[in-house]
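Analysis of the macromolecular model
Residue-level listing of the chains:
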Amino acid sequence: MSTNLVNYLSDRLNQGSVRASTNVSNWSGTCYATPLLGAFLADAYLGRYWTIASFSIIYFIGMTLLTLSASLKSLQPVCDADGCHPSSTLTTITFVALYMIALGTGGIKPCVSSFGADQFDETDVRERKRKSSFFNWFYLSINIGALFASSVLVWIQMNVGWGWGFGVPAVAMAIAVVFFFSGSPLYRIQKPSGSPFVRLFQVVIASFRKISVKVPKDNSLLYETTDAESQIVGSRKLAHSNKLRFFDKAAVETESDRNKATNNPWKLCTVTQVEELKSIIGLLPVWASGIIFAAVYSQMSTMFVLQGNTMDQHIGPNFKIPSASLSIFDTLSVIFWAPVYERVIIPIARRYTRHERGFTQLQRMGIGLLISLFSMMAAAGLEVVRLNYVKKHNLYDEETIPITIFWQVPQYFLIGCAEVFTFIGQLEFFYDQAPDAMRSLCSALSLTTIALGNYLSTALVTVVAEVTTKNGKPGWIANNLNEGHLDYFFALLAVLSLLNLVVYVFIAKCYTYKKVSGYPN
């Protein structure tokens, strides 16, 4: 949906470059924020299976409504030489449909990858290795679908009509729901374990209630159930760690605790419960470092498209490729690099690192952050060349200039490569390092980096537009990009990416991987 949405909003709903870009970024950000709601319901009450099932239906209803808004003649905007003039009804229905889709995706995104990984037995060495490969092939399958979206579907939207362009994915979603339900007898389904937020707050409250209690040096004296499994439904016991020792106070048994027939969870928590909180806190710096990367990633559906609109989009004399279709090269890059990473890079890296997966999850994500920096440098370099050509030939009033759009391919290809390292690394990292009973929530946490990246992109565009348009100047991101300086905006993102990478390296060096009691790590 996001591939060509900026063109739909700017064309059919008559929104300018900045407004259309901002609306796409806000919508995309919401699509990656609602997973927090879906993940909470999955972990606490519904389980991943029923969360996916119910939210998929909401998603399909949103897609159907969007298709109708673009198909019904009574809702279509009146278009003339000055552009299209949509009614307030069309605009309202469009955004209601889009945000229904955002809500629906909130129950799908955080649960599907985790639900897939749940099908592997972590106590079996062979299955544990296959689970790690699963994330690569899962992300590859998403991009095979995206390959169709960024090529055939965009062409349908731009040449056949938006009704068909939205109707095809609506039908595809209906088929996907049927396929999901058809596999129901085969699934391994994890039980919901109650509100994870309640458990986290219990540790915090218990720690402060025992603020004057000393933590024993012998960790075996801390409270834990004697059963083989944790008292948290569907969760293995976590081994004690020496980080954030203050919260160990919650697991210290006082005399009053021992004298009670049943424990009050707001005064005494298990080691596993305490380690849940420590794990979440430990994930937060890694999570925050993904926000800048997500802001870079979001440029594919906004600034890259607007940049491409100003370039020669022809393939031969008659065929014109929509600028949004260039994202196909990001998709092709992922489709190329995902199996190469699995079949080539991992075996080579394993020889040097002696690590089972070639690189640690944190090393993998760091490589992706570095590659994303080069993608912004490539975009900025191309824009410098484009603007110099405009200046040299005085083409400021031309809609397009005779520089082929395929010079954008390197920046798309680099982002695709960075995705294979960073996004897939995040999927595996947040699933693996999450407490067992909070895996949907932690998957959602990783997705919120994309949400915040989109919001950061919106904020940057807004601030840059405000600051650079003072005194009547066209600004960096002008409606006529030939009069702007989009290269400065890309350079700004490159600088932020470099600073983010430096901070990330420090965070990665300080991170301690979780350990599960009684299981190999």
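Structure's up top.
Description of the structure in this document. None of these values were measured; they are calculated from a predicted model. (Residues numbered from 1 in each chain as written. Predicted model: local features only at pLDDT ≥ 70, side-chain atom pairs only at ≥ 80, totals over all residues. Heavy atoms only, no water.)

1. Looking at the nonpolar core
To keep things clear, this is the line we draw: Here, nonpolar core means buried Ala, Val, Leu, Ile, Met, Phe, Trp, Tyr and Cys residues that are tied together by side-chain atoms lying within 4.5 Å of each other. Burial classes follow relative accessibility: with a 1.4 Å probe on protein chains only, a residue under 20% of its type's maximum area counts as buried, one over 50% as exposed, and anything between as partly exposed. Numbering of helices and strands runs from the N terminus, with a helix taken as a DSSP run of H or I at least four residues long and a strand as a DSSP run of E at least two residues long. In what follows, residue pairs with any heavy atoms lying within 4.5 Å of each other are defined as contacts.
Among the nonpolar cores identified, the biggest contains 89 residues, and Tyr8, Leu9, Val286 and Phe429 are the most heavily contacted of them. It is helix H14 (residues 409–433) that contributes the most residues to this core, ten residues altogether. In this structure Val286 touches Leu362, Met365, Phe429, Tyr504, Ile507 and Tyr511, once residues within four positions along its chain are discounted. Core analysis: the second largest hydrophobic core is formed by 31 residues, Ala379, Val409, Val464 and Leu481 among them.

2. A short note on unusual backbone geometry
At Leu244, a residue that is not glycine, the phi angle is positive and equals roughly 50 degrees. Within the secondary structure, Leu244 sits in the loop between helix H7 (196–209) and helix H8 (255–258). For Leu244, a relative accessible area of 35% puts it in the partly exposed group. Unusually for a residue other than glycine, Asn394 sits at a positive phi of about 55 degrees. Checked against the element boundaries, Asn394 lands in the loop between helix H13 (361–393) and strand S6 (401–404).

3. With respect to the pairing of S6
Regular strands show a simple pattern: their side chains alternate between the two faces of the sheet. Test applied: The rule for pairing is simple: two strands pair if DSSP sees at least two bridges between them.
Residues Ile401 and Ile403 line the buried face of S6, whereas the alternating positions Pro402 and Thr404 sit on a face that is not buried. As defined by bridge partners, strand S3 (residues 311–312) adjoins S6 across two bridges and the pair is classed as parallel. Bridging from a neighbouring strand, Met311 pairs with Ile401 of S6.

4. Here's the deal with the packing of aromatic side chains
Stated precisely, the cut-off is as follows: Each Phe, Tyr or Trp ring, with Trp reduced to its six-membered ring, pairs with another whose centre is within 6.5 Å; inter-plane angles below 30 degrees give stacked pairs, above 60 give edge-to-face pairs, and intermediate values give tilted ones.
The final tally for this structure, using the stated rule, is 34 aromatic pairs. Here the aromatic rings of Phe40 and Tyr45 are separated by 5.7 Å at their centres, their planes lie at 80 degrees, and the arrangement is edge-to-face. Residue class for Tyr45 comes out exposed when judged on its relative accessible area of 53%. Summarising the aromatic geometry, the rings of Phe135 and Tyr431 are spaced 5.8 Å apart at their centres and angled 55 degrees between planes, so their arrangement reads as tilted. Pair noted here: Phe135 is in helix H5 (residues 125–159) and Tyr431 is in helix H14, with a separation of 296 residues, a long-range link. Using a relative accessible area of 0% as the deciding quantity, one classes Phe135 as buried.

5. What about the environment of Ser497?
Turning to its location among the elements, Ser497 is positioned in helix H16 (residues 486–510). Ser497 sits 205 residues away from Ile292 along the chain, and the two C-alpha atoms are 6.2 Å apart. Discounting residues that sit within four places of it in the chain, Ser497 has contacts with Ile292, Val296 and Leu373.

6. Quick word on a nonpolar patch on the surface
Where we set the bar: Patch rule: a residue counts if its relative accessible area is over 30% and it has no salt bridge; like charges are joined within 9 Å, and nonpolar side chains (Val, Leu, Ile, Met, Phe, Trp, Tyr) within 5 Å. Each accessible area value is a Shrake-Rupley result obtained with a 1.4 Å probe; residue values ignore everything except the protein chains displayed when judging cover. Salt bridges, as used here, are contacts in which a Lys or Arg side-chain nitrogen is within 4 Å of a carboxyl oxygen on Asp or Glu.
On the surface, Trp155, Val160, Trp164, Ile315 and Phe319 cluster together into a nonpolar patch covering about 530 Å² of accessible area. The residue Val160 is located in the loop between H5 and helix H6 (162–182) in this model.

7. Observations concerning a negative patch on the surface
Note the cut-off: Charge convention: Lys and Arg are scored as positive, Asp and Glu as negative, and His as well as the terminal groups of each chain are ignored. To locate a charge, take NZ of a lysine, CZ of an arginine, CG of an aspartate or CD of a glutamate.
The grouping of Asp397, Glu398, Glu399 and Glu483 at the surface amounts to a negative patch. Residue Asp397 is classed as exposed on the basis of its relative accessible area, which comes to 72%.

8. Re helix H10 (residues 290–297)
Among the eight residues that make up H10, seven are buried, leaving the element largely enclosed by the rest of the structure. Buried within H10 we find Gly290, Ile291, Ile292, Phe293, Ala294, Ala295 and Val296. At its buried positions, H10 is contacted by helix H9 (271–288), H13, H14, helix H15 (439–468) and H16.

9. Observations regarding the pattern of salt bridges
If you walk through the whole model with that rule in mind, you get eleven salt bridges. We note a salt bridge from Arg245 to Asp248, for which the minimum N-O separation is 3.3 Å. Residue Arg245 is classed as partly exposed on the basis of its relative accessible area, which comes to 28%. For Arg386, the salt bridge goes to Glu383, with nearest N and O atoms at 2.9 Å. Here the residue Arg386 and the residue Glu383 both occupy positions in helix H13, the gap between them amounting to three residues, near one helical turn. Overall, the relative accessible area of 0% leaves Arg386 in the buried class. Each member of the salt-bridge network shares a partner with another, and the members are Arg245, Asp248, Glu275 and Lys278.

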